[in-house]
Every structure is written in structure tokens, then in C-alpha cells.
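Listed below, chain by chain, are the residues.
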Amino acid sequence: MSAPDAILINADIRTMDVHSPRVQGLAIAGGRIRALGTTEEITALAGPDTQVIDGAGRLVLPGFHDTHLHVIEGGQHHAASVDLSMARSPEEIVSLLMAFAARHDRPWVEGAFYDSGIIGDHNMSAAVLDRAVSDRPCIMLASDGHNGCVNTCAMEVMGLTSTTPDPKNGHFPKGQDGRPTGMLHERAVTWARDKMPAITDQDYTDGIAFALRHANQHGITGVLDASIDSEFARIYRGMAERNALTARVLATVRVDAAETTEAAVARVEAIRRASQMPMFRVHSVKFFLDGVIENRTAAMIEDYVDAEGGNAPLMFGREQIRDMFTAFDALRYQIHVHCIGDMAVRAALDGFEAARSANQPWPSLHQIAHVQFIDPADVPRFAELGVVANIQPLWACAEPAVTVSALPLVGERRGKWIYAFRALRDAGALLALSSDWTVSTLNPFEIIATALTRQPAGQHETVPPFLPEQRLTLAECIEGYTINAAAAGWRAADTGSLSPGKWADLIILDRNIYACLPQEIAETKVLTTLLGGQAVWSLQ
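Residues numbered from 1 in each chain as written. Predicted model: local features only at pLDDT ≥ 70, side-chain atom pairs only at ≥ 80, totals over all residues. Heavy atoms only, no water.

Details of helix α8 (residues 230–241)
Selection criterion: Secondary structure elements are taken from DSSP: a helix is a run of H or I of four residues or more, a strand is a run of E of two residues or more, and numbering for both begins at the N terminus. In this scheme, a helix's expected span is set at 1.5 Å multiplied by one less than its residue total. Here's how the labels work: a residue is buried when its accessible area is under 20% of the maximum for its type, exposed when over 50%, partly exposed in between, all with a 1.4 Å probe on protein chains only. Note on contacts: a residue pair is in contact if any heavy atoms of the two residues lie within 4.5 Å.
Taking 1.5 Å per residue, twelve residues should reach 16 Å; α8 reaches 16 Å between its end C-alpha atoms and fits that length. Every buried residue of α8 is accounted for by Phe232, Ala233, Ile235, Tyr236, Arg237, Gly238, Met239 and Ala240. Looking at the packing, one finds that the buried side of α8 touches α2 (71–80), α7 (201–217), β15 (220–228), β16 (248–254), α9 (261–274) and β17 (280–288). Of the residues trailing α8, Asn243 is marked for its positive phi of about 55°.

Some words on the sheet that holds β15
The condition is simple: Between any two strands, pairing holds if DSSP finds at least two bridges. Between N-to-C directions, angles span 0 to 180 degrees; the directions come from axes that are lines fitted to C-alpha atoms, helices contributing only their stretch in contact.
Spatially, β8-β15-β16-β17-β18-β19-β20-β21 is the arrangement adopted by the eight strands of the open sheet, whose pairing is parallel. Of all the strands in the sheet, the pair left with one neighbour each is β8 (64–69) and β21 (430–433). Put simply, the sheet's adjacent strands are angled 25° from each other on average, direction ignored. Here β8 runs beside β15; their pairing, made up of four bridges, is parallel. Looking across to β15, one finds that His65 is bridged to Gly222. Sitting on the sheet, helix α11 (residues 342–359) is in contact with β18 (334–339) and β19 (367–370), with an inclination near 165° to β18.

Section: the pairing of strand β7 (residues 59–62)
Here two bridges tie strand β2 (residues 12–14) to β7, and the two strands are oriented parallel to one another. Within the sheet, the bridge partner assigned to Ile13 lies in β7 and is Val60. Sheet topology note: the β7/strand β22 (residues 506–509) ladder contains three bridges and is antiparallel. Directly across from Pro62, in β22, lies its bridge partner Leu506.

This is the structure we're talking about:
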């Protein structure tokens, strides 16, 4: 047997392989793991041309997989927009946009990633944005992608008036005078984006490259882009053909409620057939069954309990859900569903149950993303139906999105079932951890720290744990980013653990997170990220 291309020795390697869970060294050949063993055993395999990586006793883990983030759109927004994520008031929004507008002369001024738990209909409008930018169109989008706002000039350019009808599953809030306020809810955001100048292929390519470099920096070697279309798939295919992707990309194609089942299947099938490449693959379909709690579009089993009351409808009809889920399940698609409200979660589970009954069980690992609210009666159904809970633990703490936006709307009883991750895990559900970047950071170590503490990073002495009985363990979190995440993406045969024959996707960390205090894990830095045995990130 020829010598390996590279060996990693003198390391604390946690393989996530039950047969050899902890070793000191590994050998890499052809981009894959050839052998595991002690430092001495692996060193003996090396030849004169073998690259030797000295782990210096550091912790090594399989590369992480983020199974729900928005790579292409998030990357492009970062490149074209001013970052509003730290703004905590309309005044700060105005200041940031004004400074950004002064630095460039592009036709549109764009802002992104504002916190819709702080900025919303109550304090934001076109009139506020006019104070920042009045001479050209301005648009800003929330980090959640479900909310936005435009200035008066943008409304004029777009033709947004008091007579403009709401798009399906979207809303233009209006003032007492009957005119649009400039705020955009749900698919109204898409309506506005479609009125803007076209984004070029190069813009999207640069955005993907930015996003994947950012992911590599944080130890991520596999991603799932959580909502793409045929145009995005074409951009990905071009990058894959040029070997320009630095992470293994899965993607899920969005299905809209306005489509018929037959038309949706035909459209998505054409994209899937064209997108089966080693580094880029379409394998699933995406449904948004509701919106977000911040703009009252989360679909709940019972009405909201605040003074305004009301509720939100599902974005797909129940018969439509059953019909579409059954059709895509029969064609062996994975189904990936956005669910915030407990009614949306129940409707998704009902749809999966109908598909399972019609088509017979198979290892689909259909997924429900977010699961912000769940009725306790639905907790055991995840395991019973083989459904993955695709969760974002960073949000499970006492921050405004929970304490200001969510809890007052649902009341004390339902408030105990927000981000009920421990309950799902104890009921046998497979948990895959993810970020929903750019809604929030994609840094897995900040996310893991919050999953362990249920407290915001850096605020452990001032903010008490939020529903501490729902905390996860470190072992469960690492599984959720490695072996569980790889299984959820149908790629456990090749990734997710450092096992002989699998890709040499691994990360070397600056500390042993198994020996850290939970709150210290958030400060972890990735020293090196290898993809197929090649470095795609190195902290110099």
C-alpha cells in the first residue's frame, strides 16, 4: 500500500465513530481517512513525501455541518448592504444608513440584518428611513427575512400605493390614512426585492464565496442552503464545475403556495436532475407553513392572548399540505419545513403522517426547522414519524425576541413550550443543530454555549437561564453538528465522523471544549479546517 498523503498526529481526536471514539492520529489518502490509531501507529505509515501535521495535543473534531442557513442570499446581502444587526433603536438605524449612503453612489441604499424583535411596525416606517436617505430608494431587511421597510422614494419607484393589493402570504401595513407605512411583511419582502435592479451572477458568486469562507472559519465543512430556486442552483453548479466551493453544499428548493402540486413537482424535478454533483446537490423541497412571531404571522393552535388577539393562518391549506407532501415524498424528496407556531408544527407532522401512510415508511428524515412553539401532545410524534428537529439553540434565551415579542403573545402556559429541545430529545427525536444565518451568527460554539446554558453569550452573570430544564448536553450538541447533521443531510456514509473511508473533513480547535466551562465554549477559535484533507481555513 502506498504511503498516505498526510498524517495528523499527537492530537486528541474525537472521531464520533463508535468503533474508535478517541485516537491520537489519523492518515489521509485521496482526501479520505485511511487509518486511525496512536501517534506511533500513524507515524509508521508515513513516507518521505507525506505531509505531517502535528496536532500539539489539541482537540480535533469532524467538520461541522450547518443544516439550515441562507448561503447565497446571506452572502450577497453582506456584500451589498450595511450591517444593521447591532442597531437597538430607529435612531441608530438612521445613523448607520446615512453613513453608508454617504460612502457610495449606488442607485439603491440597502441595509440588512436588523432585529425585528426591536425594530418593527411600532417604531419604523418610510418616514423614519427618509431621515436617513431621501434622494434615492432605500430598503432594509430584517435578519429573519420575514420583515423589511422601504423609504418614500422606494415606494414611488416600486409603485407601492394605497391601492396596491397584498401579495399572497404577504402584507403591506397601512397607516390611519390608508397609505402604506413602508413596512413589509412576509412575501411583501419578495415583492419589493423583485422591483429592485437585478442582482448579477458575479454578485451571487461573490456572496457564496464570502459565506463559505465565513463558515470554514468557524469549522463548518457542510451546509444546507435553506431556500433556493433555479437561478441559485445554476450559480452553484457553475461554482462546483470550477471547484470553487469550499464546503459541501446541499440545497432545498422552495415551493410556493400559489403553485399546483403538478407544476411544483415538474419545476423542482428539473432542478434536482441538473443538480447532482459531488460538491453541490439538491435533495429536498422547502415549505414555509407560517411566518414569525415578531410580525404576528406565526400560526398558533390557540389565538394570541394579548389585547390585540387574533391569529395567523397557515400559508398552505391543509389539503394542499397533504397532497404536496405525499407527492414529493413518493418521489423520494426530503421535505424541509419552516414552522414557528405550534399549529404550523402540527400541520407539518400531519402532512408527514399522511405521506407516510400513502407511500409507506422510508428513511426520509423529513425536517421541521425552528420549532419555536410546540404543543406537548406533538412532542413524541417527531420520533414516531422519523422527523428531524432542525433547531437553532442560539435563540433559546431571555432576549427581546422571546421576552418582548413571544411570551406576551402566547401567555404563561404555552410559554413553557418555547424551544423545548430537551423534551424533544428525551422523546427520541433526532436533533440537528443549525444557525439560520444570517438571522443570527453561524458560529457553532456560541450556539452550543447557549444550548448548554440557555443564556445569552457574555451575560451569564446578569441574565438567568431561560427554561433551564430544556438545556442540552455537550455530547448532544456535538452530535447535532456532526453525525446527526450528516444523517439529516443524507450524507452520513461520507461525512459526520472521522471513520476510515469517509472524507477527511476535520477541524482543529484552540481549546478542549470538553474541559471548558459552558460559557467559555463560546470563545472557541478554529485553528484549522480541512475539507477532503486540504486546508480551507487556517488561523495565522
